[in-house]
Protein chains: 2
Amino acid sequence: MYRSHTCGELKNQHSGQSVTLAGWVQTVRKFGAITFVDLRDRYGITQLLFGEEMSAQLDAQPLGREFVLQAKGKVSERSSKNANIPTGDIEIVVSEFSILNKSATPPFTIQDDTDGGDDIRMKYRFLDLRRNAVKKNLELRYAVSRSTRNYLHENNFMDIETPFLIKSTPEGARDFVVPSRMNAGQFYALPQSPQTFKQLLMVSGYDRYYQIVKCFRDEDLRADRQPEFTQIDCEMAFVEQEDILNMFENLIKRIFKDVKGIDYTDKVERMNWEDAMWNYGNDKPDIRFGMKISNLKFPSHTFPSQKNISALIDGANFAVFDGAETVLAIAAPGCSEYTRKQTDELTEWVKRPQIGMKGLVYIKCNTDGTFKSSVDKFYSEEKLKAIAESADAKSGDLVLVLAGAEERTRKATSELRLEMGKRLGFRKDDEFRLLWVLDFPLFEYAEEDNRWVARHHPFTSPKPSDIEVMINNNPVIENAAEYLKHPYANIKANAYDMVLNGNEIGGGSIRIFQRGLQEKMFAALGMSEEESLHKFGFLLGAFEYGAPPHGGIAFGFDRLCSILGGSESIRDFIAFPKNNSGRDVMLDAPGPIDEKQFEELQIKLNLK
Amino acid sequence: MYRSHTCGELKNQHSGQSVTLAGWVQTVRKFGAITFVDLRDRYGITQLLFGEEMSAQLDAQPLGREFVLQAKGKVSERSSKNANIPTGDIEIVVSEFSILNKSATPPFTIQDDTDGGDDIRMKYRFLDLRRNAVKKNLELRYAVSRSTRNYLHENNFMDIETPFLIKSTPEGARDFVVPSRMNAGQFYALPQSPQTFKQLLMVSGYDRYYQIVKCFRDEDLRADRQPEFTQIDCEMAFVEQEDILNMFENLIKRIFKDVKGIDYTDKVERMNWEDAMWNYGNDKPDIRFGMKISNLKFPSHTFPSQKNISALIDGANFAVFDGAETVLAIAAPGCSEYTRKQTDELTEWVKRPQIGMKGLVYIKCNTDGTFKSSVDKFYSEEKLKAIAESADAKSGDLVLVLAGAEERTRKATSELRLEMGKRLGFRKDDEFRLLWVLDFPLFEYAEEDNRWVARHHPFTSPKPSDIEVMINNNPVIENAAEYLKHPYANIKANAYDMVLNGNEIGGGSIRIFQRGLQEKMFAALGMSEEESLHKFGFLLGAFEYGAPPHGGIAFGFDRLCSILGGSESIRDFIAFPKNNSGRDVMLDAPGPIDEKQFEELQIKLNLK
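Sequence order as written defines residue numbering, which begins from 1 separately in each chain. Following the order in which they are written, the chains are lettered starting with A and the ligands numbered starting with 1. Owing to the predicted nature of the model, reporting of local features is limited to residues with pLDDT of at least 70; listing and counting of side-chain atom pairs is limited to 80 or more, with chain, interface and lining totals taken over all residues. Side-chain metrics in this entry use all non-hydrogen atoms of the structure; hydrogen atoms and water are not considered.

(A) Structural context of the interface of chain B and chain A. Throughout, a residue-residue contact means that at least one pair of heavy atoms, one from each residue, lies within 4.5 Å. Listed as interface residues are 129 residues of chain B and, on the opposing side, 129 residues of chain A. For the pair chain B and chain A, the two sides together bury roughly 11800 Å², of which 58% comes from carbon and sulfur. The salt bridge criterion pairs a side-chain nitrogen of Lys or Arg with a carboxyl oxygen of Asp or Glu, the two atoms within 4 Å. Counting every contact that joins chain B to chain A gives 12 salt bridges. Between N or O atoms, a polar contact is any pair within 3.5 Å; within protein, one atom must be a potential hydrogen donor and the other a potential acceptor, and residues adjacent in sequence are included only when both atoms are from side chains. Counting across the interface, chain B meets chain A through 77 residue pairs in polar contact (both at pLDDT 80 or more). Helix and strand definitions follow DSSP, with helices as H or I runs of at least four residues and strands as E runs of at least two, each counted in order from the N terminus. With 11 residues, the top contributor of residues to the side of chain B that touches chain A is helix α4 (residues 132-154) of chain B. Under the scheme applied, nonpolar residues are Ala, Val, Leu, Ile, Met, Phe, Trp, Tyr, Cys and Pro; charged residues are Asp, Glu, Lys and Arg; polar residues are all the others, including Gly. For the side of chain B that touches chain A, a count of residues per class yields 69 nonpolar, 26 polar and 34 charged. Bridge analysis of strand β23 (residues 603-605) of chain A against strand β23 (residues 603-605) of chain B gives three bridges, and the strand direction is antiparallel. By the bridge assignment for β23 of chain B, Ile603 of chain A is matched with Leu605 of chain B. In short, buried area is how much 1.4 Å probe accessible area vanishes from two parts on joining, totalled over both. At least two DSSP bridges between two strands are needed for those strands to be called paired.

(B) Region of the structure containing the relation of the copies chain B and chain A. In screw terms, the move from chain B to chain A is a rotation of 180 degrees and a rise of 0.0 Å along the axis, fitting with an RMSD of 0.1 Å. Classification of the inter-copy transformation places it as that of a two-fold axis. The overlap is high: 100% of the interface residues of chain B also sit at the interface in chain A, so the same surface is used on both sides. Here the copies are superposed with least squares, the fitted atoms being C-alpha atoms of residues at a pLDDT of at least 70 in both.

(C) Geometry of the side chain of Ser532 of chain A. Mapped onto the fold, Ser532 of chain A is located in helix α14 (residues 529-542). Not counting chain neighbours up to four residues away, the residues in contact with Ser532 of chain A comprise Phe522, Met527, Gly537 and Leu540 of chain A.

(D) Up close: a positive patch on the surface. Taken together, Arg217, Arg222, Arg225, Lys284 and Lys411 of chain A make up a surface patch of like positive charges. When you line up the elements, Arg222 of chain A lands in the loop between β9 (208-216) and β10 (228-237). Each patch is built from residues lacking any salt bridge and having more than 30% relative accessible area; the joining distance is 9 Å for like charges and 5 Å for nonpolar side chains (Val, Leu, Ile, Met, Phe, Trp, Tyr). We get accessible surface area from the Shrake-Rupley algorithm with a probe of 1.4 Å; when it comes to residues, only the shown protein chains can shield them. The convention is simple: Lys and Arg are positive, Asp and Glu are negative, and His and the chain ends are not counted. Working definition for charges: the position is that of NZ of Lys, CZ of Arg, CG of Asp or CD of Glu.

(E) Here's a closer look at the environment of Gly73 of chain B. Residues and elements named next belong to chain B. Its place among the elements puts Gly73 in strand β4 (residues 68-77). Accessibility here uses a 1.4 Å probe with only protein chains present; expressed as a share of the type maximum, an area under 20% marks a residue as buried, one over 50% as exposed, and anything in between as partly exposed. Owing to a relative accessible area of 6%, Gly73 belongs among the buried residues under this scheme. In this structure, the C-alpha to C-alpha distance between Gly73 and Lys307, residues 234 residues apart in sequence, is 79 Å. Excluding residues within four positions of it along the chain, Gly73 makes contact with Gln17, Ser18, Val19, Ile92, Val93, Val94 and Ser95.

(F) Seen up close, the sheet that holds strand β22 (residues 550-556) of chain B. All names here are of chain B. Ordered in space as β6-β9-β10-β22-β21-β20-β17-β11, the eight strands form an open sheet in which the pairing is mixed. Here the strands that pair on one side only, and so sit at the sheet edges, are β6 (158-159) and β11 (269-272). In this structure, strand β21 (residues 503-510) lies alongside β22, joined through five bridges in antiparallel fashion. Its bridge partner lying in β22, Gly508 is registered against Ile553. Each of β9 (208-216), β10 (228-237) and β22 touches helix α5 (residues 195-203); the most contacted strand, β10, lies at about 20 degrees to it. Packing of helix α6 (residues 241-260) onto the sheet brings it into contact with β9, β10, β11, β17 (434-438), β20 (495-500), β21 and β22, and relative to β20 it is tilted by some 20 degrees. To obtain each axis, a line is fitted to C-alpha atoms, and for helices this fit is confined to the stretch in contact; angles are then taken between N-to-C directions over 0 to 180 degrees.

See the structure below:
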């Protein structure tokens, strides 16, 4: 061993001990004839004192930043202590040292606030990983995985590895494929998730399975997506939805406790999908704050069970609202005194292409009881007051109203709510609010093919009460224009998403476990019998031999870690991430392969 | 939840309780008007008693093997107890039941001794996994991984995930490659091991890393190799060989304790590579038993430090020995009374193509003090005695002598020793003997290219005392015939293998951490500067920025589990293994891909 202690553990109680440390040179400071060196390792920083004689030796072989240094000496109490670091009470009076390796000058500083840009840090990721900010993220990641494993172990889950070289069944996302040399002309696929394997394990009787496992999707990478990502993948047999919700909200609570020291004693809220869309405009609402949407107007098919209150805005001859499919309002607390400049800026914000609205209507709920609006000439103060009240606005609030096509407007209102929540400080990094979103539609309508697609995935069961509806009706949509009247349009899924601070961190479902129902599902998705047998024959076959009722969930591990770490970017929580073109710029991968490899695999390029 | 208890937990103390169980029907036995059903789940088997009324209901919906059944009833003490199972004291008097799913008749019986052959069990792996024999293996595997993680965690190791989509650097084994759609014409490779990444992590200061991780090698599959396999992958910084040996022999001891309940208190033996080859004929000796090899004759270059004792066999005009490069003997304890039939059978055994010898010479060390041999007419009894003594034979032993070309004869003698050890009961499944093999040669000579290849891998450091030899000599072999005189031939590696019961379960080395030495290594392996920069530029670059001394080890997880489980086959310890053609016969993978996939990836087949 090159060291007797780490750079993070020596304290006053070690005074007088002879120790050996090894680590990286963080800083070198000369004071006349003596030299101070801060030595860094994974565990901390310890100050080395080179007296006159040692300093003279140092001059002969000067240290630079990031040199690897081994130093022997005595622990000594410091005269001027540093209360900011755990080892701040002591220093090592060096009696012997050895430079284990030199270092070129790093292309950026190894500090929390580095001067390195994203590109250079990714190219030299091995140096970036030395920064305390990145190290803390990877430590958090390990703590989350450790906590997860402990909790699941205590609850009788078994970690069972599923294969990585599987079969390509393009369904949903694109597969990465791997040419097989031993089976020329054939390909493996890398798993998008272990979904079918964990279901097979349930059929096999391993009633509580988990894995923290890499998954692969060959999709065009939006910001903060990775072609390979990690899932906490779980499945249970002999359970109903309630069992899964209890088991896994307690997993997340345990992670809060183990990793963040937070006792999450609140009941985890539950919300059905329709209410989420109605009140927050999306299916993963951030419930750290209110600002619920007031639905002033909406097309009748979107929320059949809700009463349209468009009376509040109708009859004013305001063409923007009258011509809009949807009009939605939110109240921004305490913003009634926004200046013209501020409201103009908000208007510009909603007109950005990412949001895509044409404009923004506001109503100021002044503290003197008056109401002032950008549409004063169309609406009386009484009307403005009624609209404001519908949005739950209080005196001093600013009501923001968006109008336009349903989907875009709802999405924009949701985004505006989040943006205002952020600006107003309602979205605190250190506050965590969990939410289950339930009762998703089982199907979505795919206009281009005039057929159903699975909203979650083809293995999700309908609600027990909807199974008969699914079995007893033909999935074919005879009249495309009236697809909403098809019985399948109202089937609810036995599915659930876990939402943390406005991010979907996990999702799952109770699965279909009956061959007949699974076949009906494949048919509903437009798969021929032949195709479903070719792709999923092994699963259909397994369902014939005593498949138990089962369900599960998968958490996005990278995302979960980034939220717990208070960051927007999952990349900061991955040791060796890829960029938005799927490249590892450090390795310079992907890259060309040899002619011999092409020959052995019996493939060739066919570049356009 | 479909159950209140599992099928493995109810005992007499639960008598009188109302419970609900769910599981699979193992057996149905009718006794007149009543019926007994054994219900099975992951945790055990519980007997259900269907009284007259319930039995009548059963008749209306008869149960079959592997049906999924939910049953409610009262726990009741049995009249005739079954001491063989934990729940044998009780039964459930069923008051209500529900068939959750039916089952077709399984293609083989779900029992420890199944009637299913290998092929059918692999095709229906989801049923095979239900068998207790297979379940125990996967439970053992999970226990090993759990124990490993706990030990490494307690020793400050961090689990850090490394990427799966990396760069192809064909070196040693063949890479599996993955065409990149977003970077057309380029390919990722799947990692053969996280070797370079774990070294980068050491450069980054994460001084104790581990991962239990899938690795991939596209090799022709010998029996019991899998294209994807799992490694316990570890690396430490600021360590020397001794530190690694201590850390990881304690890991294996901990696994013995946690998984098998064995206190391995013996010191782990150490043997250098030359001694292993000399005494056992291979580099992973099974030291559960003796039967060391007596080297009667060998070419001088193979063991330069050993004295040739061919005087024992020379001068007898026995052409077989005189013409042989190598003559080796072992003593089989207590076998002196082998019949002619038995020695003939052994002779046939060594003549099998897998062993490849021309014949076998034996010397019987009779208990009456005489010596009888198949080569009596060439060797006096005195000579025979001397040969027998060289092999450490005792009265009553049978000395077996093989002669021929060095490599083949040594291998054959090693195999014969293992075979005899097995026949004589010296290789017990429940006895575990650990061994470190040390001081491997750093290089092997590749005749076809007249160059050096790395025996372990290109990142292994020479012994500290050999570094100068490596730096100061030109690796080029001027005279192929005299390659053994090249200074590189005698360089020893700072490498170690852990051997358990004659199987290499892990191997590793202290790594090169200096750019200059690493470049010299690449050059020694015949890599041009351009090639080494193209393939490993990121690592050479990392070594410039303060790389610490480091080393590590990787254990073959599948193999380790199979040995602990007392099995020869790693496949039994993998949930979804592939066959010897790399096929998953359950999935029917690999398989063809769609035309659309070819187009998107811009590749096409080029079948011969």
